[in-house]
Structures are given as structure tokens and as C-alpha cells.
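The chain contents come next:
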Amino acid sequence: MKYLELDSGKLRVSNIVLGCMRINNLDEAGVEKHVRTAMEAGINLFDHADIYGGGECEELFARALHMNSSLREKMVLQSKCGIRPGYYDFSKEHILESVDGILQRLHTDYLDILLLHRPDALMEPEETAEALQSLFDSGKVRYFGVSNHNPAQLKLLQRAFGQKLLFNQLQVSVAHTPLVDSGMAVNMFIDQSIDRTGSTLEYCRLNDITIQAWSPFQKGFFEGPFLGDMEKYPELNRKCEELAEKYNVTPTGIAVAWLTRHPANMQVILGTTKDSRILEGCAGSELPLTREEWYGLYKAAGNMIP
Ligand SMILES: NC(=O)c1ccc[n+]([C@@H]2O[C@H](COP(=O)([O-])OP(=O)(O)OC[C@H]3O[C@@H](n4cnc5c(N)ncnc54)[C@H](OP(=O)(O)O)[C@@H]3O)[C@@H](O)[C@H]2O)c1
């Protein structure tokens with residue numbers, strides 16, 4: 001397992017993360033086994049959000065593990081806030097209230113990382129920064145980041161906030177590649193040239209912001225896994241199978257490796273509820289795909305290499 005050393009080594013996080021959005025499909029015993037499997041495989045970062053299962057996922061996580069201080073210290077707990085039913089809310093009042101709810105549900109008195117979930121078009125940067133600063137000062141949150149933000153949105157918040165924003169959680173997989181597409185086809189009259197992210201990947205690299213890849217196995221917007229979909233992704237699946245055999249892993253490991261091979265040092269958030277798939281995913285943590293293989297997978301997913 002590869003680890004990223006952030007904040008001069010004070011924050012050490014595995015590059016494979018366990019996403020907890022779907023854990024309410026498991027019972028308590030299942031959640032405990034799932035999380036223990038992840039920890040034994042070297043995963044130390046767990047991704048939550050106040051809205052997952054309407055709060056049930058955080059609650060179930062803490063209850064199933066009988067959260068206590070010795071276990072808590074072995075984990076890096078991350079959660080997100082800012083999404084409300086039908087709208088986004090980065091107001092100070094909502095952020096502070098959300099974090100209190102998260103801490104209560106996770107049975108802890110601090111979060112390692114808080115992310116703002118989706119950009120609030122009505123954000124007042126100074127007000128949002130004031131909320132984050134007060135969470136830092138009170139010891140309720142150690143580190144901060146955002147999710148689904150473009151460079152200008154990041155800059156707007158960062159300008160008002162005294163602590164460095166360390167993370168940007170974004171949808172990315174070999175079947176969902178807007179982050180790399182336009183950079184691969186600069187200055188051309190083709191759809192792939194359209195910059196849908198405002199060069200977010202390059203901005204994050206330039207500013208040491210770690211990208212956390214959500215939905216690493218999904219096609220579209222939660223339309224099911226591309227792995228095994230021979231109708232829509234026959235070439236990609238064939239290529240994953242071929243490389244899986246070469247590296248003695250499964251196609252899941254190859255899909256993860258496509259992300260971890262990128263020099264941006266991305267983290268990959270696994271959303272599986274199957275213990276076996278956690279292990280298959282972890283096998284891609286440090287798998288050194290060659291340039292030819294990385295580009296081959298990108299092309300097999302239906303993209304052009306001009
Ligand atoms: N910031 C954001 O806006 C945002 C949005 C969405 C998610 N997230 C985070 O990212 C995490 C991961 O997202 P995700 O759950 O969508 O990611 P995912 O890992 O791409 O998808 C997981 C789902 O795909 C299924 N699956 C994976 N591989 C499969 C295969 N080979 N065959 C059949 N089914 C397969 C899993 O089923 P099994 O359970 O049966 O394995 C599970 O239902 C979430 O838990 C959450 O923490 C963040």
C-alpha cells in the first residue's frame with residue numbers, strides 16, 4: 001500500500017480510501033468485517049458525508065465498530081457537508097451545525113478532514129472561511145478540502161482561508177476522464193478538446209492539492225460499473241483482462257492502477273460493499289503500468305490519442 005505524506009508528514013494517508021456511501025446496504029456485522037478488512041489491507045482513510053444514507057452511514061460505521069479512542073487513533077476520518085435537500089449551503093451556520101452532527105454520529109470529538117461537498121453558487125468566501133477557521137480553532141477539524149470544485153472556486157475560498165485546502169474530491173475513472181481529455185487534445189476542433197474542468201488536474205498538481213477519485217468503477221453518473229459491461233466497453237474490458245493476467249491481479253486492480261499510475265498521486269475511493277473487492281482494488285495501489293499500457297486503456301475506453 002502506498003501512503004501520501006501530507007503537511008510535512010503529519011498527515012499520512014493511504015492512496016486507497018474506503019468510501020462509506022453504500023455501507024448501509026450491509027448489516028452491523030458486515031460493516032465491521034468490511035472496515036476491518038480494509039484496515040488489514042492497509043487502508044487508513046475512510047470517506048463519509050453527512051448525507052450518506054441521510055446520516056445512517058456515519059452512525060452505522062461508528063456503531064458497528066464500537067468506536068473507541070484506541071481504534072479512532074488508527075483511522076483518518078473524513079466527512080463532507082454543504083449539500084441540503086435541493087440546494088447547496090456553505091453558510092457558517094449550516095457548516096457548524098453539520099459538523100456537530102457528523103461528530104455525534106461518528107462517536108468522535110474530531111474529524112481529520114472536512115470537505116465541502118459541492119460548490120455553493122451563493123458562497124460568501126469570508127463567511128465560509130470563518131466557519132472552517134472556527135472548526136480548526138476549536139479542534140473539531142484538523143484538515144480541510146473541497147469536492148467537485150474547479151480552480152477558480154478553489155482560489156476564491158483559499159484567498160479567504162488561512163489554512164491550506166489539501167484535497168479536491170472529483171469523479172474520475174478510466175471511463176470518466178474529463179480531467180485529462182482536453183489536455184490530451186489541446187487546440188483542436190473536436191469534442192475532446194472542450195475543457196470541462198478549467199484545467200483542474202493541472203491546477204491541483206501545481207498547488208499540491210490531492211485529487212481523490214470518486215466512483216472509480218462507475219460509468220456515467222452512477223450508471224453502474226463499466227467493468228463487465230461488454231456491450232458499452234468491450235475494448236476496455238478486454239484490455240483490463242489482458243493486463244490483469246500480466247500483473248496477476250483482477251480487472252478491478254487495473255482500473256485502480258490507471259488512477260494511481262498518474263503522477264498527480266491521486267487517491268482512489270472504493271465504494272464497494274464486497275470485502276473481496278477491497279482487496280482487488282488495493283492490488284492496484286502501486287501497480288506500475290507502463291506509459292503504453294496507461295494510454296492503451298485510455299484509448300480502449302473510447303478516447304482519441306490525436
Ligand atoms: N464527492 C462526491 O460528490 C462523491 C460522489 C459519489 C461518491 N463519492 C465517494 O466515493 C465513493 C465511491 O463511489 P462509488 O460507490 O460510486 O464508487 P465505485 O467503487 O465506482 O462503485 C461501487 C459500486 O459499483 C459496484 N461495483 C464495483 N465494481 C464492480 C464489478 N466489477 N462488478 C459489479 N459491480 C461492481 C459495487 O458493487 P459491490 O458493492 O457489489 O462491490 C458498488 O455498488 C463513495 O463511497 C463515496 O465515499 C463521492
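Preceding this paragraph is the structure being described.
Right, let's walk through the structure included here. In this text, all values refer to a predicted model and were calculated from it rather than measured experimentally.

Quick notes on the rules
Along each chain, numbering runs from 1 in the same order as the chain's sequence is written. Reporting in this predicted model follows two pLDDT cut-offs: at least 70 for local features of residues, and 80 or more for side-chain atom pairs to be given and counted; totals over whole chains, interfaces and linings ignore these cut-offs and use all residues. Secondary structure elements are defined from DSSP: runs of H or I of at least 4 residues count as helices, runs of E of at least 2 residues count as strands, and each element is numbered from the N terminus. Using C-alpha atoms as the atom set, the radius of gyration is obtained and then compared with a globule rule of 2.2 Å times the number of residues to the power 0.38. Partly exposed residues are those falling between the two cut-offs: more than 12 but fewer than 20 other C-beta atoms within 10 Å of their own, whereas 20 or more means buried and 12 or fewer means exposed, with C-beta atoms placed from the backbone. Residues are defined as contacting one another if the C-beta atoms placed from their backbone atoms lie within 7 Å. For two strands to be treated as a pair, DSSP must find no fewer than two bridges joining them. Structural elements are reduced to axes, namely lines fitted to C-alpha atoms, with helices fitted over the stretch in contact, and the angle between N-to-C directions of any two is expressed from 0 to 180 degrees. Working rule for helices: expected span equals 1.5 Å times residues minus one. The arc refers to the directions leading from the helix axis to the C-beta atoms. Note on terminology: a nonpolar core is any set of buried Ala, Val, Leu, Ile, Met, Phe, Trp, Tyr and Cys residues joined through C-beta atoms within 7 Å. For each residue, a C-beta atom is placed from the backbone, and the residue is labelled near a molecule or strand when this atom is within 6 Å of it. Only Asp, Glu, Lys and Arg are considered charged in this grouping, and only Ala, Val, Leu, Ile, Met, Phe, Trp, Tyr, Cys and Pro are considered nonpolar; every other residue, Gly among them, is considered polar. Orientation categories follow fixed angle ranges, with anything under 35 degrees roughly parallel, anything over 145 roughly antiparallel, 65 to 115 roughly perpendicular, and all other angles oblique. It is the rotation of the near helix from the far one that decides the hand of a crossing: anticlockwise by less than a right angle makes it left-handed, clockwise makes it right-handed.

Observations regarding the overall build of the chain
If you tally the helices and strands in the chain, you get twelve helices and twelve strands. Taking 19 Å as the expected radius of gyration for a compact globule of 306 residues, we find that the chain reaches 19 Å, a close match to that expectation. Along the first, second and third principal axes, the C-alpha set of the chain runs to 50 × 45 × 40 Å. With 306 residues in all, the chain has 43% of them scored as buried. Here the contacts in the chain between residues at least 6 apart in sequence split such that 74% fall between residues at least 24 apart.

Focus on the sheet that holds strand β8 (residues 111–116)
By way of backbone hydrogen bonds, the strands of a sheet pair with one another, either parallel or antiparallel. Sheet architecture is closed into a barrel: eight strands sit in the order β3-β4-β5-β8-β9-β10-β11-β12, paired in parallel fashion. For this sheet, the mean inter-axis angle between neighbouring strands, taken without regard to orientation, is 30°. Judged from the two bridges that link them, strand β11 (residues 210–214) and strand β12 (residues 267–270) form a sheet pairing that is parallel. If you follow A213 over to β12, its bridge partner there is V268. Sheet contacts for helix α6 (residues 151–160): β9 (141–147) and β10 (165–171); angle to β10, the most-contacted strand, approximately 155°.

Some words on helix α5 (residues 125–137)
The α-helix winds at 3.6 residues per turn, so residues separated by three or four positions along the chain end up facing the same way. Along its 13 residues, α5 runs 18 Å from first to last C-alpha, staying within 8% of the 18 Å computed at 1.5 Å per residue. Those residues of α5 that sit buried are T128, A129, A131, L132 and L135. What you see down the axis of α5 is that its buried residues fit within an arc of 155°, all on one side. Within α5, the exposed residues directed more than 90 degrees away from the buried face are E126 and D137. Count one or two residues on from α5 and you reach G139, which has phi positive near 80°.

Considering helix α2 (residues 56–64)
Among the residues of α2, those classed as buried are C57, E58, L60, F61, A62 and A64. Next to the buried residues of α2 lie α1 (28–40), β5 (76–81) and α4 (92–105).

Observations concerning the nonpolar core
L18, F61, L114, A213 and V268 are the most contacted members of the largest nonpolar core, which has 84 residues in total. Broken down by element, the residue count for this core peaks at six residues, all from helix α10 (residues 251–260). With sequence-adjacent residues up to four places away left out, V268 is seen in contact with N15, I16, V17, A213, P216, V256, L259, T260 and G281.

Brief notes about the site of the ligand
Every one of the 24 residues lining the ligand counts as a neighbour, but G19, M21, F217, G271 and T272 are closest to it. Here the residues of the shell around the ligand are counted per class, giving nine nonpolar, eleven polar and four charged.

Thoughts on the pairing of β12
Here β12 shows no split at all, with Q267 and I269 on one side and V268 and L270 on the other all buried. As paired strands, strand β3 (residues 16–19) and β12 are joined by three bridges and run parallel to one another. Looking at the pairing, L18 lines up with L270 of β12.

Quick look at the environment of I23
With respect to the helices, strands and loops of the structure, I23 is situated in the loop between β3 and α1. Exposure remark for I23: the 24 C-beta atoms within 10 Å place this residue in the buried category. Leave out the neighbours within four places in its chain, and I23 touches V31, H34, C57, L60, F61 and T273.

Some details on the pairing of β11
Of all the five residues making up β11, four are buried; the element is thus mostly covered by neighbouring parts of the structure. Here β10 pairs with β11 via five bridges, running parallel. What sits directly across from Q169, in β11, is Q212.

A closer look at unusual backbone geometry
Residue S8 is not a glycine yet carries a positive backbone phi of 50°. Examined against the element boundaries, S8 turns out to sit in the loop between β1 (3–6) and β2 (11–14). At S215, a position not held by glycine, the phi torsion is positive, near 50°. Structurally, the position occupied by S215 is in the loop between β11 and α9 (234–247). Judged by the 21 C-beta atoms lying within 10 Å of it, S215 falls in the buried class.

As for the environment of G82
Along the chain, the position of G82 falls in the loop between β5 and β6 (83–84). Remark: the alpha-carbon pair of G82 and F221, spanning 139 residues in sequence, is separated by 20 Å.

Comments concerning the packing of α10 against helix α11 (residues 275–282)
The geometry of α10 relative to α11 is characterised by a closest axis approach of 7 Å and an angle of 50° between their N-to-C directions. Here α11 runs oblique to α10, going by the angle between their axes. In terms of crossing hand, the pair formed by α10 and α11 is right-handed. Touching T252, G253 and V256 of α10 are R277, E280 and G281, all from α11. A breakdown of the residues in the contact of α10 with α11 according to their chemical character gives one nonpolar, three polar and two charged.

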